[in-house]
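Topology and contacts: notes
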Amino acid sequence: MGVTYITSKSNQNFKFIQQIIKSRKKRSLAKLYWLEGEKNLKTFLSFENKKFISKIVTTEKFSTILQKDYQLDLGRFDVVIFDDKLFREFSLINTKFRAGLLVAFEPGKKPLRGNDHTDILYLSDVQDPGNLGTIIRSCAAMNIREIWLSPNSVDPWSPKVIRSSAGYHSMVRLIVFDSFSSVMEASSKLMLSTFLLSPEKGGVSLFQQDLRTRNLFIFGSEGKGFPQHLKDKWNFNNVLMIPQIGTVDSINLSVAASLCIIESRRQKGLLSTTTT
């Protein structure tokens, strides 16, 4: 614990923060990710997440703001303070808010076992960090606890994914599977009803399918869809499509994922119609 003042780009703290921001490999080795932005910090800290903070990175001015407005006792953390110009060297957002966190994460290795009806999403080779971040946010809103990912998907702890999830990243477990066979094995052990989402004709409408069981929704990548060789190997019987009106050939991945989990919760009677 303590405060370190940094005035030079040659300082190891400066270089380390830059590496965490830029390098997937470095994030994986250090098990740290970068979180910044006023709204993201507020959301992140509104849950019991302070225990995951590895370092607080800020400026002299904002160190006072973090203590006063965010109830952060800086004496309990490692704090790195930069001057305003140096902070802007690595910051990824163009705002006057000068504060970020290095947050510890532990990659999920095994799915949770439970007797509830919480659905799971599997994303095959998702490439757009904005899509993944939006899906994480939707899952947090619908109490979806896990997202499974293929090894070739975008880094789920990249700064763009973190920013797109709007601070809700810590509410969803992210598990990267080595192979699709492992995904199907895990699905079988959890007794999930497995559904492949496809824009191709021949699938059952999402809104006509009975989704009252615990489900695994499988999605392909934004550009290529779900790999054909896996379709051939696993011969999916449960293929869902989202009916559309108009000439658009497919719906954005994050929109499709959100529709699936919302419709599933609606059928289970888990969507409240009351507001507070």
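Below or above, wherever it landed, is the structure these notes cover. No experiment lies behind these values; they were computed from the predicted model shown.

1. Considerations on the environment of Ser-153
Note on placement: Ser-153 falls in the loop between strand E7 (146-149) and helix H7 (159-164). In sequence terms Ser-153 and Ser-221 are 68 residues apart; their C-alpha atoms lie 8.5 Å from each other. Once you skip the residues sitting within four places of it in the chain, Ser-153 turns out to touch Arg-24, Leu-123, Ser-124, Asp-125, Val-126 and Gln-127. Of note is the side chain of Ser-153, whose polar atom sits 3.0 Å from the side chain of Ser-150.

2. A closer look at the nonpolar core
Residues Ile-56, Leu-72, Ile-147, Phe-217 and Phe-219 are the most contacted members of the largest nonpolar core, which totals 51 residues. The residues touching Ile-147, leaving out its near neighbours within four places in the chain, are Leu-121, Leu-123, Ile-135, Ile-136, Cys-139, Val-172, Arg-173, Leu-174 and Ile-175. Judged by nonpolar contacts, the second largest core, of 17 residues, contains Phe-180, Met-184, Ile-218 and Phe-236.

3. Focus on the sheet that holds strand E4 (residues 78-82)
The strand order E1-E4-E3-E5-E2 describes an open sheet built from five strands, whose pairing is mixed. Single-partner strands in this sheet number two, and they are strand E1 (2-6) and strand E2 (32-36). Neighbouring strand axes in the sheet, compared pairwise and without regard to direction, differ in orientation by 20° on average. Of the pairings in the sheet, the one linking E1 to E4 comprises five bridges and is parallel in character. By the bridge assignment, Ile-6 is partnered in E4 with Phe-82. Helix H3 (residues 38-46) contacts E2, strand E3 (53-59) and strand E5 (99-104) of the sheet and is inclined by roughly 120° relative to E2.

Rules used throughout
Residues numbered from 1 in each chain as written. Predicted model: local features only at pLDDT ≥ 70, side-chain atom pairs only at ≥ 80, totals over all residues. Heavy atoms only, no water. Helix = DSSP H or I, 4+ residues; strand = E, 2+ residues; numbered from the N terminus. Contact = heavy atoms within 4.5 Å. Polar contact = N/O pair within 3.5 Å; in protein donor to acceptor, adjacent residues only side chain to side chain. Core = buried A, V, L, I, M, F, W, Y, C linked by side-chain atoms within 4.5 Å. Buried < 20%, exposed > 50% of the residue type's maximum accessible area, 1.4 Å probe, protein only. Pairing = 2+ DSSP bridges. Axes fitted to C-alpha atoms, helices over the stretch in contact; angles between N-to-C directions.

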